[in-house]
Structure formats: C-alpha cells, structure tokens
Amino acid sequence: MAKGILKFIEQLNAGSLKRIVLTHGHPDHVGAIKRILKVKTVPVFAHRIEIPYMEGDYPYPGRKKPQHLLKKD
C-alpha cells in the first residue's frame, strides 16, 4: 500500500507530505507507515492512548497478542 499512497499524494498536487496523523493503530491503518518513512522523513502523530498499542506494549481490546506496529522513539 505504501507505493500507492505515495503515488496518490503526488497526484494530489497539494505539496509535499509534512506529517502523518493516525486515527488509530490497527494494522490496516499503520501497515504502510514503515515503508513511507523510509522515503519521507515526517513526524507521525497519534493520540497518546493509542501509542502503547501501536508500540506493542498491549494487545488491542479483543485481540490476543500485542502487535509491534511502530517503533518507540
């Protein structure tokens, strides 16, 4: 998905990517972040409640295992 997302951003002609705001950390929302950050150096923002789930400290409610989706900074 990262390639398609980056292509779409270019097609928007809205300027360069300045930041990424995540609504929540489910894998289908953050799965392309690591690849995008290899190409674009931008800050990633998320609500503080979501961060421990995204970093793999806790499993999301209803899930059995935590998922390490983003690295800790």
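Residues numbered from 1 in each chain as written. Predicted model: local features only at pLDDT ≥ 70, side-chain atom pairs only at ≥ 80, totals over all residues. Heavy atoms only, no water.

1. Observations concerning the overall build of the protein
Point 1. For the protein, the count of helices and strands is four helices and two strands.
Point 2. Order of helices (α) and strands (β) in the protein, N terminus to C terminus: α-β-α-α-β-α.
Point 3. Counting only C-alpha atoms, the protein reaches 40 × 20 × 20 Å along its principal axes.
Point 4. Within the span of the protein, comprising 73 residues, buried residues form 23% of the whole.
Point 5. Within the protein, contacts between residues at least 6 apart in sequence are counted, and of these 47% link residues at least 24 apart. (Helix = DSSP H or I, 4+ residues; strand = E, 2+ residues; numbered from the N terminus. Buried < 20%, exposed > 50% of the residue type's maximum accessible area, 1.4 Å probe, protein only. Contact = heavy atoms within 4.5 Å.)

2. So, the confidence of the model for the protein
Detail in the predicted coordinates should be disregarded across regions flagged by low pLDDT.
Point 1. Averaged over every residue, the pLDDT of the protein is 87; residues scoring 70 or more account for 97%.
Point 2. Mean pLDDT values over the elements of the protein span from 81, in helix α2 (residues 27-30), up to 93, in strand β1 (residues 20-21). (pLDDT = per-residue confidence, 0-100.)

3. Notes on the environment of His 47
Point 1. The topology assignment puts His 47 in the loop between β2 (44-45) and α4 (51-54).
Point 2. Taking relative accessible area as the criterion, His 47 reaches 44% and is therefore assigned partly exposed.
Point 3. In this structure the C-alpha to C-alpha distance between His 47 and Ala 2, which are 45 residues apart in sequence, comes to 22 Å.

4. Quick look at the packing of aromatic side chains
Point 1. Across all of its chains, the model carries two aromatic pairs by this definition.
Point 2. With a centroid separation of 4.7 Å and 25 degrees between ring planes, the pair formed by Tyr 53 and Tyr 60 is classed as stacked.
Point 3. Taking the relative accessible area as the measure of exposure, Tyr 60 reaches 9% and is therefore buried.
Point 4. Here the aromatic residues Tyr 53, Tyr 58 and Tyr 60 are joined through ring pairs into a cluster of three or more. (Phe/Tyr/Trp six-rings, centres within 6.5 Å; stacked < 30°, edge-to-face > 60°.)

5. A short note on the nonpolar core
Point 1. Core analysis: the biggest nonpolar cluster contains 14 residues, and Ile 20, Leu 22, Ile 33 and Ile 36 have the highest contact counts within it.
Point 2. Each residue touching Ile 20, except ones within four places of it in the same chain, is listed here: Ile 33, Ile 36, Leu 37, Val 42, Pro 43, Val 44 and Phe 45. (Core = buried A, V, L, I, M, F, W, Y, C linked by side-chain atoms within 4.5 Å.)

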